[in-house]
Amino acid sequence: MPSDNSRLFLRGALILTIAATIIKILSAVYRVPFQNIVGDTGFYIYQQVYPIYGIAIALATYGFPVIISKMVADAKKVNASDAHSIAFAAFIILGFIGIILFSFFYFGSHIIAHWMGDRHLVPLIKVVAVPFLIMPLISTIRGYFQGKREMLPTAVSQVVEQFIRVICILLLSYVLVRNGASLYQVGRSAFISSVVGSLLAAAILLFFYFRHKEEASLQLGQAFKFIGKKFIIQGIAVCISGALLVLLQLIDSLNLYSLLTSTGISSEKAKVLKGIYDRGQPFIQLGTVVATSFSLTLVPELSSTLHGQKKNIEEKIQLALKVSVVFGLGATIGLISIMEPTNTMLFSNQAGSNVLKVFSISIFFSSMILTINGILQGLGDLLSSAKFIIIGMIIKVLGNYLLIPQIGTMGASVSTIIALFFILLLSIYKIKRGGIHLNFRRFFIRLLVSAGVMAFILQIWTYVFDYFHLTNRIWSLFESLGGACLGGFCYLYLIGYFKLFREDEVKEIPFGKYLLHKKK
């Protein structure tokens with residue numbers, strides 16, 4: 001029978017997982033109407049600067065709150081009132097970091113825009129620097145409450161922030177485009193909307209904080225000593241692990257457009273090509289929702305099992321990897337099979353479909369990497385994933401410089417896949433070296449057969465539409481959604497037929513008990 005503390009811990013993890021899933025879906029879905037409003041050039045403008053904002057979000061959501069929560073929890077075991085002093089000391093340190101990052105992006109906006117090859121991005125970069133000033137407050141209060149196992153303030157602030165941000169972006173973009181504003185002004189308004197969302201999140205967190213404020217008993221000097229320099233190192237490491245896809249986007253923002261123009265492509269055409277390439281981002285975010293959500297539950301699950309039997313840890317790890325492989329491979333093969341109609345349905349034409357097909361392989365690799373990151377963090381290893389991602393970023397930069405001048409945006413897709421592949425290899429090696437045995441040979445054979453059958457059925461499905469020339473946007477809606485349902489049903493049926501998951505494993509998967517009940 002789990003203790004009250006365990007139940008509180010797992011309930012909090014569930015709240016954060018639900019919030020993270022909602023945020024992921026919103027973050028992916030709003031990009032589609034936004035691109036429809038501003039076009040590929042407008043989407044290029046937004047996506048060029050978005051990775052900087054994504055870094056601020058990673059710092060305020062995945063990185064420092066995790067480390068602060070751990071330190072607050074450790075201090076709370078000694079003296080409950082010490083938690084306030086620890087949080088305040090963390091806030092002061094993060095304040096300095098926030099000011100440094102704000103200054104770098106705000107005052108260095110001209111240099112960054114020059115690196116990106118587009119001086120018109122300067123005002124957007126200056127706006128997106130502002131969230132770094134809000135980040136210390138948001139990170140500290142989220143970490144403070146998470147350390148006390150109160151996840152509601154974090155969840156509410158995250159969801160409200162994203163809802164307000166998305167609504168403001170779409171409304172302002174629509175109004176400005178209708179009134180003839182330039183696409184750079186539209187992009188700037190989108191990031192002003194993001195600042196508004198961050199301010200609202202900070203206000204909500206302050207409301208929760210002042211309702212539960214405790215008096216500090218630990219001296220501030222002692223609090224700084226308790227935190228130590230590992231606070232910054234571990235916080236940045238967790239940020240890097242949580243911002244894998246954003247960091248790869250940042251590399252593309254810094255050199256893809258400039259590399260395209262250096263090969264003789266006109267600036268306007270290069271903007272359109274980059275905007276088309278960026279259509280892949282919503283696909284990746286939606287495709288990795290399951291892996292992201294599952295990896296979030298892994299950290300507390302594994303942390304709570306650490307003092308248990310090694311067999312229990314291995315079972316949880318193997319189940320997590322099986323889930324990420326099944327959903328990641330299914331989403332990848334399914335999307336590649338229906339990419340043309342899906343591209344037309346969402347973005348009005350099939351431009352860049354082959355580039356996006358290659359880019360979609362990222363879903364499979366990213367799902368695996370995100371899950372393994374969660375495993376390593378759950379086992380207390382906060383640094384390895386960050387090291388592997390840095391190596392992957394170096395590979396991505398080299399790949400871009402070698403491949404983009406030769407094959408354009410296809411080179412950017414290929415370099416992303418190569419970088420993710422090496423990150424995954426290093427991550428798997430790390431797990432095996434840690435004594436975790438992975439015996440998936442029989443599982444993989446049956447899974448590949450399931451994915452192959454799904455791909456074959458979807459090829460027949462899309463051939464019928466092509467044969468009768470049913471390729472406009474309305475027919476593409478039926479083709480893509482129908483194909484997703486048909487392919488998904490066949491894939492899940494074969495997974496059940498081959499019994500890739502044991503009954504006890506199905507119960508551990510979200511909605512697994514419901515599926516078992518339906519099956520019976």
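Criteria and cut-off values
Residues numbered from 1 in each chain as written. Predicted model: local features only at pLDDT ≥ 70, side-chain atom pairs only at ≥ 80, totals over all residues. Heavy atoms only, no water. Phe/Tyr/Trp six-rings, centres within 6.5 Å; stacked < 30°, edge-to-face > 60°. Buried < 20%, exposed > 50% of the residue type's maximum accessible area, 1.4 Å probe, protein only. Axes fitted to C-alpha atoms, helices over the stretch in contact; angles between N-to-C directions. Helix = DSSP H or I, 4+ residues; strand = E, 2+ residues; numbered from the N terminus. Parallel < 35°, antiparallel > 145°, perpendicular 65-115°, else oblique. Left-handed = near helix turned anticlockwise from the far one by under 90°. Nonpolar A, V, L, I, M, F, W, Y, C, P; charged D, E, K, R; others polar. Core = buried A, V, L, I, M, F, W, Y, C linked by side-chain atoms within 4.5 Å. Contact = heavy atoms within 4.5 Å. pLDDT = per-residue confidence, 0-100. Salt bridge = Lys/Arg side-chain N within 4 Å of Asp/Glu carboxyl O. Polar contact = N/O pair within 3.5 Å; in protein donor to acceptor, adjacent residues only side chain to side chain.

1. Let's talk about the packing of aromatic side chains
At step 1: The full count for this structure, using the stated rule, is 32 aromatic pairs.
At step 2: A centroid spacing of 5.9 Å and a plane angle of 70° characterise the contact between Phe207 and Phe208, whose relative ring orientation is edge-to-face.
At step 3: Its relative accessible area of 49% is what places Phe207 among the partly exposed residues.
At step 4: Taken together, a centroid distance of 5.9 Å and an interplanar angle of 75° make the contact between Phe421 and Phe422 edge-to-face.
At step 5: Judged by its relative accessible area of 37%, Phe421 is partly exposed.

2. So, the packing of helix H18 (residues 384-407) against helix H19 (residues 409-433)
At step 1: In contact at an axis separation of 7 Å, H18 and H19 are set at 155° when each is read in the N-to-C sense. It follows that H18 is roughly antiparallel to H19 by the angle criterion. For H18 against H19, the interelement crossing comes out right-handed.
At step 2: Grouping the amino acids of the contact of H18 with H19 by side-chain chemistry returns 15 nonpolar, nine polar and two charged.

3. A word on the nonpolar core
At step 1: Counting 86 residues, the largest nonpolar core has Ile52, Phe64, Leu121, Phe191 and Phe231 as its most contacted members.
At step 2: Per element, the largest residue contribution to this core is 19 residues, and it comes from helix H2 (residues 31-78).
At step 3: Not counting residues within four places of it along the chain, the set of residues in contact with Leu121 comprises Tyr44, Ile45, Gln48, Val49, Ala113, Met116 and Tyr184.
At step 4: Grouped together as the second largest cluster of nonpolar side chains are 44 residues, Ile313, Leu321, Met368 and Ala451 included.

4. Structural notes on the packing of helix H11 (residues 244-262) against H19
At step 1: One can describe the packing of H11 onto H19 by two numbers: an axis separation of 11 Å at closest approach and a directional angle of 150°. The orientation of H11 with respect to H19, classified from their angle, is roughly antiparallel. Handedness of the crossing formed by H11 with H19: right-handed. On H19, the residues that touch Leu244, Leu248, Asp252, Leu256 and Leu260 of H11 are Thr409, Ala412, Thr416, Leu420 and Ile423.
At step 2: In terms of residue class, the contact of H11 with H19 is built from seven nonpolar, two polar and one charged.

5. Observations concerning the confidence of the model for the protein chain
At step 1: Looking at the protein chain as a whole, its pLDDT mean stands at 87, while 87% of the residues score no less than 70.
At step 2: Mean pLDDT values over the elements of the protein chain span from 57, in helix H23 (residues 512-519), up to 97, in helix H5 (residues 122-128).

6. Considerations on the pattern of salt bridges
At step 1: This structure, assessed with the given rule, holds seven salt bridges.
At step 2: With its nearest N and O atoms 3.3 Å apart, the salt bridge here joins Glu161 to Arg142. Taken together, the positions of Glu161 in helix H7 (residues 152-178) and Arg142 in helix H6 (residues 131-147) put the pair 19 residues apart, joining distant regions of the chain.
At step 3: Lys357 is the salt-bridge partner of Glu340, the closest N and O atoms lying 2.9 Å from each other. Here Glu340 is found in helix H16 (residues 339-347), whereas its partner Lys357 is found in helix H17 (residues 353-378), with 17 residues between them in sequence.
At step 4: For Glu340, a relative accessible area of 21% puts it in the partly exposed group.
At step 5: With a relative accessible area of 21%, Lys357 lands in the partly exposed category.

7. Looking at the side chain of Ser27
At step 1: With respect to the helices, strands and loops of the structure, Ser27 is situated in helix H1 (residues 4-29).
At step 2: On the basis of relative accessible area, Ser27 is assigned to the buried category, the value being 5%.
At step 3: Among the polar contacts made by the side chain of Ser27, one reaches the side chain of Gln285 at a distance of 3.2 Å.
At step 4: Residues within four places of Ser27 in sequence aside, it is in contact with Tyr50, Gln162 and Gln285.

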